[in-house]
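Listed below, chain by chain, are the residues.
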Amino acid sequence: MSTKEQRRLLKAFWQEVDRVEALRQRILIEDANSNRRAAYFCMHGVWPPRPLLPDLPEIPPQCIDMTCGGKGRRSGEPCKSREIFRNGRCKWHGGASTGPKTKEGSERSRTNLRRGSKL
Ligand SMILES: [Zn+2]
């Protein structure tokens with residue numbers, strides 16, 4: 001299996017994790033906000049069982065032993081690190097920051113500038 005396919009699988013896996021996680025959160029919030037639990041408690045004297053949550057997906061077996069694969073700047077060899085983040089790269093090869101995304105973020109980054117530097 002090529003590393004390109006592995007990366008595609010890993011990306012799909014994390015997208016699925018995000019989707020299921022959002023679903024789980026929604027179910028939990030709905031359950032906490034509904035009066036059903038209190039009504040059940042009044043009726044039976046015990047709290048109802050927690051709602052069933054969908055299981056998080058399993059990591060694809062092809063991606064278990066994935067390496068970072070980023071290009072080493074000195075050696076030119078692909079990186080062999082197995083400690084990868086969800087973007088499929090290690091801590092050295094994640095890529096440069098693309099800067100603040102929100103208005104608040106860019107405000108905050110501006111206040112972090114040292115005094116006297118160019119604004
Ligand atoms: Zn790397």
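Residues numbered from 1 in each chain as written. Predicted model: local features only at pLDDT ≥ 70, side-chain atom pairs only at ≥ 80, totals over all residues. Heavy atoms only, no water.

## Observations regarding the packing of aromatic side chains
Argument step 1. Evaluation of the coordinates by the stated rule reveals two aromatic pairs.
Argument step 2. Both rings, one in phenylalanine 41 and one in tryptophan 47, keep their centres 4.4 Å apart while their planes meet at 20°; by these two values the pair is stacked.
Argument step 3. The exposed category is assigned to tryptophan 47, whose relative accessible area is 51%. (Phe/Tyr/Trp six-rings, centres within 6.5 Å; stacked < 30°, edge-to-face > 60°. Buried < 20%, exposed > 50% of the residue type's maximum accessible area, 1.4 Å probe, protein only.)

## With respect to the coordination of the zinc ion
Argument step 1. Protein ligation of the zinc ion involves Cys68 (SG), Cys79 (SG), Cys90 (SG) and His93 (ND1), the donor distances falling in the range 2.0 to 2.3 Å.
Argument step 2. Around the zinc ion, the four donor atoms are arranged such that angles at the metal cover 103 to 115°; this shape is classified as tetrahedral.
Argument step 3. For the zinc ion, the single-chain donor residues occur in sequence as C-x10-C-x10-C-x2-H. Pair noted here: cysteine 68 is in the loop between helix 2 (36-44) and helix 3 (103-111) and cysteine 79 is in the loop between helix 2 and helix 3, with a separation of eleven residues, a long-range link.
Argument step 4. Classification of cysteine 68 by relative accessible area gives buried; the value is 0%. (Donors = N, O, S within 2.8 Å, 3.2 Å for Na, K, Ca; no water. Tetrahedral: all angles 85-135°; square planar, octahedral: opposite > 155°, others 65-115°. Helix = DSSP H or I, 4+ residues; strand = E, 2+ residues; numbered from the N terminus.)

## Notes on the environment of aspartate 18
Argument step 1. Of note, aspartate 18 is situated in helix 1 (residues 3-33).
Argument step 2. Taking the C-alpha atoms as reference, aspartate 18 lies 22 Å from cysteine 68; in sequence the two are 50 residues apart.

## As for the pattern of salt bridges
Where charged atoms from two side chains of opposite charge approach closely, those side chains can pair.
Argument step 1. Summed over all chains, the structure comprises seven salt bridges.
Argument step 2. A salt bridge links aspartate 31 to arginine 36, with the nearest nitrogen and oxygen atoms 3.7 Å apart.
Argument step 3. The partner of aspartate 31 in a salt bridge is arginine 50, and the shortest N-O contact between them spans 3.8 Å. Taken together, the residues span a long stretch of sequence, with aspartate 31 in helix 1 and arginine 50 in the loop between helix 2 and helix 3 at a distance of 19 residues.
Argument step 4. According to the relative accessible area criterion, arginine 50 is exposed, its value standing at 59%.
Argument step 5. Put simply, Asp31, Arg36, Arg37 and Arg50 are held in one network by salt bridges that share partners. (Salt bridge = Lys/Arg side-chain N within 4 Å of Asp/Glu carboxyl O.)

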